[in-house]
Amino acid sequence: MAATYSVKRQGSVKLAPNFTVKEFQCHDGSDTVLVDGALVTLLQKIRDHFGKAVHITSAYRTAAWNKKQGGSSNSYHTKGMAADIQIIGVSPVEVALYAQSIGAGGVGLYLYSGGNFVHVDSRTAKTRWIQARKSGGYTVVPSIFPTVQRGSRGDAVRLLQRGIGAAEDGVFGSGTHAALVSFQKKCFLDTKEHDGICGVKTWTEVVKALEK
């Protein structure tokens, strides 16, 4: 359960070796801040793993500020259980994969012009999603990189298309299939890998392409 803090009185209080209360303050300047200890633990693990500063772009939000930002009425930000983060010099793809590997409850990968950040939260149920465009909703997925193939749709497909240089429409059709097979031929000597299906092994190469 989230604890309540005052930025004026406790802003400099360390919640973990690398995080203080004021870093979780709502952007509307409110003095009261809610912060869940489990969220801080997740962020510290991420900080320790990458050995670089974790920049919190949005953490606690008052209900009014959350609404103004277009957030869900049930947003974990309003409960002090969520943070949007960036690490300079580290791909958000890599950050999302690591957050997923350490059991973060919610992990959202946002990759679009003006975005490029990772949402992590300390909810109990595991939820994963990808948003590859600024407008519109996001795609809920079983993992950050689900298997996609002909007929698949959504932002996971859009992300794949970006990595392999296909038309970025979020629909896995014949054009994306051909582009993926061509991409696989460049990456893998084994012809069995040239199947036009993007699983974990192919995603690994796609991520490398996205990070160039």
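The structure we're discussing is the one just above.
These remarks concern the structure in this document. Counting restarts for each chain, with residues numbered from 1 along the sequence as it is written. Given that the model is predicted, a residue must reach a pLDDT of at least 70 before its local features are reported, and side-chain atom pairs must reach 80 or more before they are shown or counted; all residues, however, enter totals for whole chains, interfaces and linings. Hydrogens and water are ignored here; the side-chain numbers use all heavy atoms of the structure.

### Some words on the pairing of strand S7 (residues 106-110)
Most of S7 sits inside the fold, with 5 of its 5 residues counted as buried. Buried means the residue's accessible area, taken with a 1.4 Å probe over protein chains only, is under 20% of the maximum for its type, while exposed means over 50%, and partly exposed covers the values in between. Runs of E in the DSSP output that reach at least two residues are strands. Runs of H or I that reach at least four are helices, and both are numbered from the N terminus. Here S7 shows a buried face lined by Gly 106, Gly 108 and Tyr 110 and a second buried face lined by Val 107 and Leu 109. With 5 bridges joining them, S7 and strand S8 (residues 117-121) adopt antiparallel strand pairing. Pairing of Gly 108 across the sheet is with His 119, part of S8. Between S7 and S8, which pair antiparallel and follow one another directly, the connecting turn spans 6 residues, one of which, Gly 114, has a positive phi of 90°. A pair of strands is considered paired only if DSSP assigns at least 2 bridges between the two. Here S7 pairs with strand S9 (residues 127-131) via 5 bridges, running parallel.

### Structural notes on the packing of helix H5 (residues 155-164) against helix H6 (residues 174-187)
At a closest axis distance of 10 Å, the pairing of H5 and H6 adopts a crossing angle of 50°. If you check the angle between H5 and H6, you find them oblique. The two elements H5 and H6 meet at a crossing, and its hand is left-handed. Packed against H5, whose contacting residues are Leu 160, Gln 161, Gly 163 and Ile 164, the element H6 presents Thr 176, Ala 179, Leu 180 and Phe 183 at the interface. Under the scheme applied here, ten amino acids are nonpolar (Ala, Val, Leu, Ile, Met, Phe, Trp, Tyr, Cys and Pro), four are charged (Asp, Glu, Lys and Arg), and all others, including Gly, are polar. Counted by class, the contact of H5 with H6 contains 5 nonpolar, 3 polar and no charged residues. Here an axis means a line fitted to C-alpha atoms, over the contact stretch when the element is a helix, while the angle between two N-to-C directions is reported on a 0 to 180 degree scale. When an angle is under 35 degrees it counts as roughly parallel; over 145 it counts as roughly antiparallel; between 65 and 115 it counts as roughly perpendicular; any other value is oblique. Note on convention: the crossing is left-handed when the near helix lies turned anticlockwise from the far helix by less than a right angle, right-handed when the turn is clockwise. Here, two residues are considered to be in contact whenever any of their heavy atoms come within 4.5 Å of each other.

### Looking at the side chain of Gln 44
On the secondary structure map, Gln 44 appears in helix H2 (residues 37-50). Reaching out from Gln 44, the side chain makes a polar contact with the side chain of Asn 18 at a distance of 2.7 Å. Distance and chemistry together define a polar contact, namely a pair of N or O atoms within 3.5 Å, with one atom able to donate a hydrogen and the other to accept it when in protein, and with adjacent residues in sequence counting only for side-chain atoms on both sides.

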